[in-house]
Amino acid sequence: MLFEIKSVRHKHDLISFTWNDVGGFYNVYKDGEHLYEGSVPEFQDGDFKHGKFYHYIIERVKNNQVVDVIAMQTSAFAEQKNVENPLQLLVMTTIVAKTQIALSWEGIKDVAAYEIYRNGAFIATTETNRFIDRDIDVTQSYVYMIRARRPLQKSEERLTSMKSAVSNLFGMLNPATTRTEAAIETFTTIKFIGKPSELLKPINEREQQITNVDRWKFRYTTFLEDKWVRNPNPLSPNHFFEGDGRGFDPNGDGFRTRVDIELAYDEKGEPMTFTKEVGPTVAYDHLKRFRETARASADGITMKRTDHQKGESGFLLVHTIGNPLTTAPKIDYEVNAVFRRTGTFDMSGYFDPAPHHEIYLMKGRGEAWQPILQVESRGLAFMSGAIAYHYWRCSNFE
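Let me begin by describing the structure that accompanies this report. Here the residue index of a chain counts from 1 through its sequence in written order. Since the coordinates come from a predicted model, pLDDT governs what is reported: local features require at least 70, and pairs of side-chain atoms require 80 or more to be given and counted, while whole-chain, interface and lining totals use all residues. To get the side-chain values, all heavy atoms of the structure are used, and hydrogens and water are removed first.

Some details on the sheet that holds strand β22 (residues 301-309)
For step 1, the next point in the chain: The mixed open sheet is built from nine strands, whose spatial order is β11-β10-β13-β14-β28-β25-β24-β23-β22. On the outer flanks of this sheet lie β11 (121-126) and β22, each paired with one strand and no other. The mean angle between the axes of side-by-side strands here comes to 15°, regardless of whether they run parallel or antiparallel.
For step 2, the next point in the chain: A pair of strands is treated as paired once DSSP finds two or more bridges between them. Put simply, DSSP marks the helices as runs of H or I at least four residues long and the strands as runs of E at least two long, and each gets a number from the N terminus on. Where strand β14 (residues 184-193) lies against strand β28 (residues 390-397), eight bridges are found, and the strand directions are parallel. Along β28, the bridge assignment pairs Ile-193 with Phe-397. The axes used here are C-alpha line fits, helices contributing only the stretch in contact, and every angle between their N-to-C directions lies in the interval 0 to 180 degrees.

This is the structure in structure tokens:
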């Protein structure tokens, strides 16, 4: 019998889990605090906040020595969901053992199947809300992505009946897309998992090695990949706009908008710095002759800091920026994030599937950005409020 988690149950006021009884005594720790010692292979916890991730360590002890470890990260069940950001409060559980990495997640209503990717490569499709990977190397870190799609008419978002009808009409009027594409919501969940060999060290060894993260840097950029972009509004004299002419690049020069947020835990007052910039909009006629240029106001980009407890801060970022030269839909997105000094983060949000969106994170005082999400534009017409959003969530377990 393998030393693995047997079951995990979530209720509104309780998290409980059991594991295979392979003999010996067991210790259970939550976020480093010793909560249980005994021979019964089960544990219950009713002391938590909804929506927050907790890190459990289960040690198996024989002859006063830790001989095996299971690491689990999970969140509490929240009865009240955020209908505008449906992934934000869903339960996500990650279990790491020597023999497996197991993922389970609270199912999304009316989603029929989930696609699983590991380190960028497709590995499976599942109709259940769980996946177990036994083909692992304990010395390697992993990034799992869970992707799902749902018809907009099934959405829990407000006013979706009208939005679904309009999106179907949009699909019929735009030959570059289809009715199906315009009326399908996309859900992307990303989990960064550290090396199991590090996660599975006994708690005393881990606590000696863990160092605080003094800095977090976040960057969100929207841009147009093409050099020339045709105006989807046929009535405008501005037939073309100048694009940014680049691919995904955290330091790319051209962009529609860019937001940078930096959290400094190592400075007095733990300040959070917020900067925003809007690129110029340049318009041309049907012969691609210059007509005019302008820059939209950055007032539509706002950030509100959210402090949860000591060493646990984040923000709510709201972005609504339009075209200053013509009547057109705005670039809309929202991000809700939490960065902890202990090194874990949890971010979620949604955006229109246009233009290109790229999200990056930098942990500590490094100089290399870590890609979080890179999504190609499906055309400027997809900025319409009638189109289904792309919802996403990303967190880590290290």
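After that view of the structure, there is still more to cover.
Looking at unusual backbone geometry
For step 1, the next point in the chain: Residue Pro-355 is bonded to the preceding Ala-354 through a cis peptide linkage, with omega at -10°.
For step 2, the next point in the chain: By the element assignment, Pro-355 lies in the loop between β25 (345-351) and β26 (356-363).
For step 3, the next point in the chain: Notably, Asp-31 is not glycine yet its phi reads approximately 50°, a positive angle.
For step 4, the next point in the chain: Note that Asp-31 resides in the loop between β3 (25-30) and β4 (33-38).

Looking at the packing of aromatic side chains
For step 1, the next point in the chain: Only centres within 6.5 Å qualify two rings of Phe, Tyr or Trp (six-membered ring in Trp) as a pair; their planes then separate them into stacked at under 30 degrees, edge-to-face at over 60, and tilted for everything else. Per the stated rule, a full pass over the model turns up 24 aromatic pairs.
For step 2, the next point in the chain: Here Trp-216 and Phe-339 contribute two aromatic rings whose centre-to-centre distance is 5.2 Å and whose plane-to-plane angle is 25°, an arrangement assigned as stacked. A residue pair is termed long-range when its members are at least 10 positions apart, and Trp-216 in strand β15 (residues 215-223) and Phe-339 in strand β24 (residues 331-340) qualify at 123 residues. Note on accessibility: Trp-216 and Phe-339 belong to one class, buried.
For step 3, the next point in the chain: An aromatic cluster is present here, built from Phe-192, Trp-216, Phe-218, Tyr-220, Phe-315, Tyr-333, Phe-339 and Phe-345 joined pairwise through their rings.
For step 4, the next point in the chain: Taking NZ or CZ as reference, Lys-191 lies 4.1 Å from the ring centre of Phe-53, over its face.
For step 5, the next point in the chain: The cationic tip of Arg-246 hangs over the ring face of Phe-223; the distance from NZ or CZ to the ring centre is 3.9 Å. Accessibility here uses a 1.4 Å probe with only protein chains present; expressed as a share of the type maximum, an area under 20% marks a residue as buried, one over 50% as exposed, and anything in between as partly exposed. Both a distance and an angle decide whether a charge sits over a ring: NZ of Lys or CZ of Arg must be within 6 Å of the ring centre and within 35 degrees of the ring normal.

Comments concerning the sheet that holds strand β18 (residues 257-264)
For step 1, the next point in the chain: Taken in spatial order, the five strands make up an open sheet running β19-β18-β15-β26-β27, and their pairing is antiparallel. On the outer flanks of this sheet lie β19 (272-278) and β27 (370-375), each paired with one strand and no other. Neighbouring strand axes in the sheet, compared pairwise and without regard to direction, differ in orientation by 10° on average.
For step 2, the next point in the chain: Inspection of the sheet shows β18 paired to β19 by seven bridges, in the antiparallel sense.

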